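Each chain is listed here by its residues.
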Amino acid sequence: LLYGPGRLTFLSMDEKPYRFNAAGGDKVWARRGQRSVRCMEKRVALLERWTGITGVYSQQYGESYSELKWVPKWSALFKATDGSRTHLTAPNDSVQILFAEHGSVTAETWLEYLDFTLPVVVNPENAIVVITDWYAPHLDQEALDLTLERTLSPTVLLGGGTTGQG
């Protein structure tokens, strides 16, 4: 009843933390055959965290709303105060690079992502229902207002969405 051409379009959005390690694998500083280990690497200290923010539509978006097909957009959020020393650039227009002091999504970075990824719906028949979880930045009043303004959704948002990212 809800899915398919001429029906509601859902947009499930969420973020997922990733870690990359340029220092190699787990190492233990001990002699072979020793019964106890006195010095081990603190693995978490070697990992650098970044957050991928993605959105997945329930159906192909774009045919009835504009002449262009919808291109999936996603954001990469890195831990940095402002990114001025990172020299990172997006590979193309479908990728957004964001920075946050602690590397986690904040209300401010969530707003930047929404502004980047949400299409502007002009006809209420083409409204998009956004699905997210109940993470605090998703519930920020400015984020909710922007979402409703852009998508013309009949509801603020539905909880418990998934983006298909494992």
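Structure shown above.
Reference entry: report on the structure contained in this document. All values reported here derive from a predicted model rather than from experimental measurement.

### Things to note about the packing of helix 2 (residues 107-117) against helix 3 (residues 141-151)
Link 1 in the chain: Where helix 2 contacts helix 3, the axes come no closer than 10 Å and their chain directions differ by 5°. As the angle between them shows, helix 2 and helix 3 are arranged roughly parallel. Contact with helix 2, carried on its side by Trp110, Leu111, Leu114 and Asp115, involves Glu142, Ala143, Leu146, Thr147 and Arg150 of helix 3 and no other residues of that element.
Link 2 in the chain: Considering only residue class, the contact of helix 2 with helix 3 consists of 5 nonpolar, 1 polar and 3 charged.

### Some points on the nonpolar core
Link 1 in the chain: Ranked by internal contacts, the top residues of the largest apolar core, which has 18 residues, are Leu11, Met13, Ile53, Trp110, Tyr113, Leu114 and Leu118.
Link 2 in the chain: Only strand 1 (9-20), strand 4 (48-57), strand 6 (95-100), helix 2, strand 7 (128-132) and helix 3 provide two or more residues apiece to this core.
Link 3 in the chain: The element best represented in this core is helix 2, accounting for 4 residues.
Link 4 in the chain: Setting aside residues no more than four positions away along its own chain, Tyr113 makes contact with Met13, Ile53, Thr54, Gly55, Lys73, Trp74, Ser75, Gln96 and Leu98.
Link 5 in the chain: Listed in part, the 5 residues of the second largest apolar core include Trp50, Phe78, Ala80 and Phe99.

### Re the environment of Thr81
Link 1 in the chain: Assignment of secondary structure puts Thr81 in the loop between strand 5 (74-79) and strand 6.
Link 2 in the chain: For the pair Thr81 and Gly103, spaced 22 residues apart in sequence, the C-alpha separation works out to 9.0 Å.

### Points about the packing of aromatic side chains
Aromatic ring pairs are described here by two measures, namely the spacing of the ring centres and the angle between the planes.
Link 1 in the chain: Following the criterion strictly, the structure yields 3 aromatic pairs and no others.
Link 2 in the chain: Residues Trp50 and Trp74 carry aromatic rings whose centres are separated by 6.5 Å and whose planes lie at 55° to one another, so their mutual orientation is tilted. Taken together, the residues span a long stretch of sequence, with Trp50 in strand 4 and Trp74 in strand 5 at a distance of 24 residues.
Link 3 in the chain: Relative to Tyr113, the ring of Trp110 has its centre 5.4 Å away and its plane inclined at 35°; by these criteria the two rings are tilted. Of this pair, Trp110 and Tyr113 both sit in helix 2, separated by 3 residues, roughly a single helical turn. In terms of burial, Trp110 and Tyr113 fall into one category: buried.
Link 4 in the chain: Through pairs of rings, three or more aromatic residues link up here, namely Trp50, Trp74 and Phe78.
Link 5 in the chain: Sitting above the plane of the Phe116 ring, Lys73 keeps its charged end 4.9 Å from the centroid.

### Describing the side chain of His138
Link 1 in the chain: Relative to the helices and strands, His138 resides in the loop between strand 7 and helix 3.
Link 2 in the chain: A relative accessible area of 1% means that His138 is categorised as buried.
Link 3 in the chain: At 2.9 Å, the side chain of His138 and the side chain of Glu15 are in polar contact.

The rules behind the values
Residues numbered from 1 in each chain as written. Predicted model: local features only at pLDDT ≥ 70, side-chain atom pairs only at ≥ 80, totals over all residues. Heavy atoms only, no water. Axes fitted to C-alpha atoms, helices over the stretch in contact; angles between N-to-C directions. Helix = DSSP H or I, 4+ residues; strand = E, 2+ residues; numbered from the N terminus. Parallel < 35°, antiparallel > 145°, perpendicular 65-115°, else oblique. Contact = heavy atoms within 4.5 Å. Nonpolar A, V, L, I, M, F, W, Y, C, P; charged D, E, K, R; others polar. Core = buried A, V, L, I, M, F, W, Y, C linked by side-chain atoms within 4.5 Å. Buried < 20%, exposed > 50% of the residue type's maximum accessible area, 1.4 Å probe, protein only. Phe/Tyr/Trp six-rings, centres within 6.5 Å; stacked < 30°, edge-to-face > 60°. Lys NZ or Arg CZ within 6 Å of the ring centre and 35° of its normal. Polar contact = N/O pair within 3.5 Å; in protein donor to acceptor, adjacent residues only side chain to side chain.

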